[in-house]
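Report on the structure
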Amino acid sequence: MNILFRPEGWLSQIESDGFTVPFSENQGFFLDTEGETNEIACQLHDNTLTGCTKGISFSAQYLPFQEHLALKITVINQSADRFVGRIGFHLGVDSWMESYPQWHKPFFPTLLRCEKTHLWGYYMNSAENALAIATTDPVASYDICYNRLDDGDFGHRIAGTDLLFIHDGLLPDRHPQQLNALEPGAVYENTILLIPVSAKNEIITRLSKIAQIPIVQAEKYTCEVGETLKYCVAGDGFEAQCVLPDGSVTEAKEVVFDTCGLYKVNVLSRNGKQCQAMFYCRPGWDFYLQNAAKEALAKPQKATTHVESFYGLFSAFLAGKHYGNKELIQRALESAEEVLPLMFDFQAHKPIVIPERIQNTALLISLLVDMYEATGDKKHLRDAAGFADWLIDTKQGQDGVYRKENRIHYTCVIYIAKAVLELALAEKDHDPVAYARHYASAKRAVDELAASLDDIDTEGEATLEDGMISCSALQIGMFALTLPQEKRQPYVEAAEKLMTIHACLEQQLIPDCRCNGASLRYWESQYDVMVMANMLNSPHGWSAWTAYAHYYLYLLTHKKAYLVNLMNCLGSCVQLMTLDGELHWGYCAQPYVQARTLIPDTERPLPDGGCRGKYEERVYGESYIPMISGWYRTGTQKLVGGYESCPLFMEKETLYVDNQGGCCDNDVHEIFKCLEETVLNKAFAHKNEDGTFLTYGCKVVLENGSYRIIPNEDATQIISNFGV
């Protein structure tokens, strides 16, 4: 390990095992109180950086070891006053991902987690190299710092991360609660361990060994009724107890999931370090699709500039198809007939609003295919073909790319090629000519994705973006499954490479069922639910794109990791729906975010039973964020902007109207669209290398020397990696 420092004494970079962790200039102590931030100027003396402000002194000393770097921190309140506010440290790991290929160098803050006795986590780059982090003593919280755009919107890049030694806000129960102030004469000491790790599968072992902390890890974080809780703890010696959904506590070594809900495992190691893990017992997949359909009607779909406003129609039609619910299908048709013609011209088969936002048209094509399959009415298939032809003729280049304004790469804004491929597969037995045209279009787009990998664009500000990568991988993987076995390998290699890059944007190692497997997004809340701050939305509706990618790759490769990641991702996603059937928009995975939030203005009711909105400050932290479509309405069904301050872009004019009822929170229904395709009515049985089995939705039994898979009652398809 080689460590380079800046002239002023802070870190420049850490070099280890063939990779380099860069650090930005933004490092050092800060103090926040009464809305004022003070950056602490420190001077280097005898290998120690020191500074002082408002009677509080700060010191930092780097201590290099063979395998890691230790940063000793000391904060002393030398004043006569009790300090209340925030005292923190800009860690400085460079996470600024701006453009290809630059974004391969920084390290994304993939996991930071506070426990009662310490903080731990890791930063990761696109090659799965990591900088693991742990502290020897408690840290109140942490914060992720995001950029702002010139127009005031919250940006799509991470400017840095802060460790907060003192924090006076309301924090999750798992955090230490005593670090809310610094008394006169009090001394806060901690040591931050920075541990380079060359491979993802070494992170937990290295952290546990060097930091001497327990870390819970499991294969399944979301389980089915009747399964047994299974996990392991990295570290030496521990005691554990499990808090059951009803609040009771058991120290039994074997806990059976007999009740749906949240199970908390609290661990105490011999050296006094504590940690917590969370597991979830879910109802059957049918529960989620059926309730998603109900929520799509209870939280009405809208005609706006954005496809996200009518995404719930997917859940309604898919549920109608699966459960033969004619009343549901009829109500969904009525909603579609009210909403869609305001956004799309069904005679000319082209969009009415923002034609350049081609994901709107692509997802309309996908929806029309589902409408056809739910109703059997080929009119929907013909309409889908008409819109697909418009898309191909006007938006697809000779290189295969579907573009916005003939310049911006948009194949992976949601998944344009997947939508066209869904149509082609539905046409295959009905219209060979249309099938050939649409399949060829999807193939051209996918071939370009496989060749370009992450050298593509996306919507909004450029960065190494979750959806850009996962949507590219999922489209390549889905297309590969349509090919003969001998032609798949180049596509498999491309999709696997992309998901390796994407690993730094996934919660693969967090011991928390609420977000394990979900992707890490952070700019959606300002558009979807008008919570005006960036925060890690993990899971969010678009986390389902990651699940699709893992599903296709499991079918293509039968590698166990893809199956595990698929199931943990979908497991965290479906928890956005409560056991009472109430659907939330997303989960704030950060511990503390204060944001101006749109709430119901009950003094301004609307004829359709909703109301306008007003803003107030609210705090979020490891919490679910409700949808707003249930109350935030248009008054009467009309075409509006996609979110609260979004202009209404028409062919001949642009209207600027605030607080008009548009929002994008129905994008959460992507989860149930994905669920229907990937896991509904399916059982998975994977034979491990040691001869044991990993199962979902089934059991494997040995009968007369042969293995037999016994699926659950609702499973009609068995997917296995062995000859059963």
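For the structure, see preceding data.
All of these numbers come straight from a predicted model, not from anything done at the bench. (Residues numbered from 1 in each chain as written. Predicted model: local features only at pLDDT ≥ 70, side-chain atom pairs only at ≥ 80, totals over all residues. Heavy atoms only, no water.)

So, unusual backbone geometry
Tyr100 connects to Pro101 through a cis peptide bond whose omega is 0°. Checked against the element boundaries, Pro101 lands in the loop between β10 (86–90) and β11 (108–114). Of note, the bond from Ser538 into Pro539 is cis; its omega dihedral lies within 30 degrees of zero at 15°. One can find Pro539 in the loop between β29 (531–532) and α12 (544–557). (Helix = DSSP H or I, 4+ residues; strand = E, 2+ residues; numbered from the N terminus.)

Things to note about the pairing of strand β7 (residues 48–53)
Where strand β6 (residues 43–45) meets β7, three bridges bridge the pair, whose relative direction is antiparallel. Its bridge partner being in β7, Gln43 is matched across the sheet by Thr50. Hairpin connection of β6 to β7: two residues between the antiparallel strands, including Asp46 at a positive phi of 50°. Strand direction decides the pairing type here: β7 and strand β8 (residues 56–64), joined by six bridges, are antiparallel. If you follow Thr50 over to β8, its bridge partner there is Ser59. (Pairing = 2+ DSSP bridges.)

What about the sheet that holds strand β16 (residues 187–197)?
Judged by pairing direction, the sheet is antiparallel, and its eight strands sit side by side in the order β6-β7-β8-β9-β16-β13-β12-β11 without closing on themselves. Whereas interior strands pair on both sides, the edge strands pair on one side only; in this sheet they are β6 and β11. Between one strand axis and the next, the sheet turns by 20° as a mean value, whatever way the strands run. The sheet contacts of helix α1 (residues 203–211) involve β12 (119–124), β13 (130–135) and β16, and relative to β16 the element is tilted by about 140°. (Axes fitted to C-alpha atoms, helices over the stretch in contact; angles between N-to-C directions. Contact = heavy atoms within 4.5 Å.)

Considering the layout of surface pockets
Taken as a whole, the largest pocket encloses approximately 970 Å³ of empty space. Lining the largest pocket are 43 residues, with His306, Glu459, Gly460, Tyr527 and Tyr643 positioned closest to its centre. Listed by contribution, the elements that provide at least two residues to the lining of the largest pocket are α9 (466–480) and α11 (525–528). It is α11 that provides the largest number of residues to the lining of the largest pocket, a total of three residues. Across the lining of the largest pocket, the residue classes tally to 20 nonpolar, eight polar and 15 charged. (1 Å grid on protein atoms, 1.4 Å probe; cavity = no way out; pocket = protein on both sides within 12 Å on 5 of 7 lines; lining within 4 Å. Points joined across faces, edges and corners; volume = space filled by probe spheres on them. Nonpolar A, V, L, I, M, F, W, Y, C, P; charged D, E, K, R; others polar.)

Structural notes on the side chain of Glu427
Position of Glu427 relative to the elements: it lies in helix α7 (residues 416–427). Although Glu427 lies buried, it forms no salt bridge, and the closest oppositely charged side chain, Arg437, sits 8.6 Å away as judged by the N-O distance. (Buried < 20%, exposed > 50% of the residue type's maximum accessible area, 1.4 Å probe, protein only. Lys, Arg positive; Asp, Glu negative; His and termini not counted. Salt bridge = Lys/Arg side-chain N within 4 Å of Asp/Glu carboxyl O.)

Points about the nonpolar core
Within the largest apolar cluster, 241 residues are counted, with the highest numbers of intra-cluster contacts made by Phe29, Ile87, Phe165 and Leu340. Element by element, the count of residues in this core is highest for helix α5 (residues 358–375), at 11 residues. Those residues in contact with Phe165, other than ones at most four positions away along the chain, are Phe29, Ile73, Ile87, Gly88, Phe89, Val139, Ala140, Leu179 and Tyr188. Membership of the second largest hydrophobic core comes to six residues, among which are Ala685, Cys698, Ile709 and Phe722. (Core = buried A, V, L, I, M, F, W, Y, C linked by side-chain atoms within 4.5 Å.)

Some details on the environment of Phe83
Following the sequence through the fold, Phe83 ends up in the loop between β9 (69–77) and β10. In this structure Phe83 comes out as buried when scored by relative accessible area, which is 9%. Between the C-alpha atoms of Phe83 and His438, which are 355 residues apart in sequence, the distance is 65 Å.

Some remarks on the pattern of salt bridges
The tally for this structure, following the rule as stated, stands at 39 salt bridges. The salt bridge involving Glu224 is made with Arg282; its shortest N-O contact spans 3.9 Å. Taken as a pair, Glu224 in strand β18 (residues 222–224) and Arg282 in strand β23 (residues 274–282) lie far apart in primary sequence, 58 residues in all. On the basis of relative accessibility, which here comes to 14%, the residue Glu224 falls in the buried class. As a salt-bridge pair, Glu405 and Arg407 come within 2.9 Å of each other at their nearest N and O atoms.

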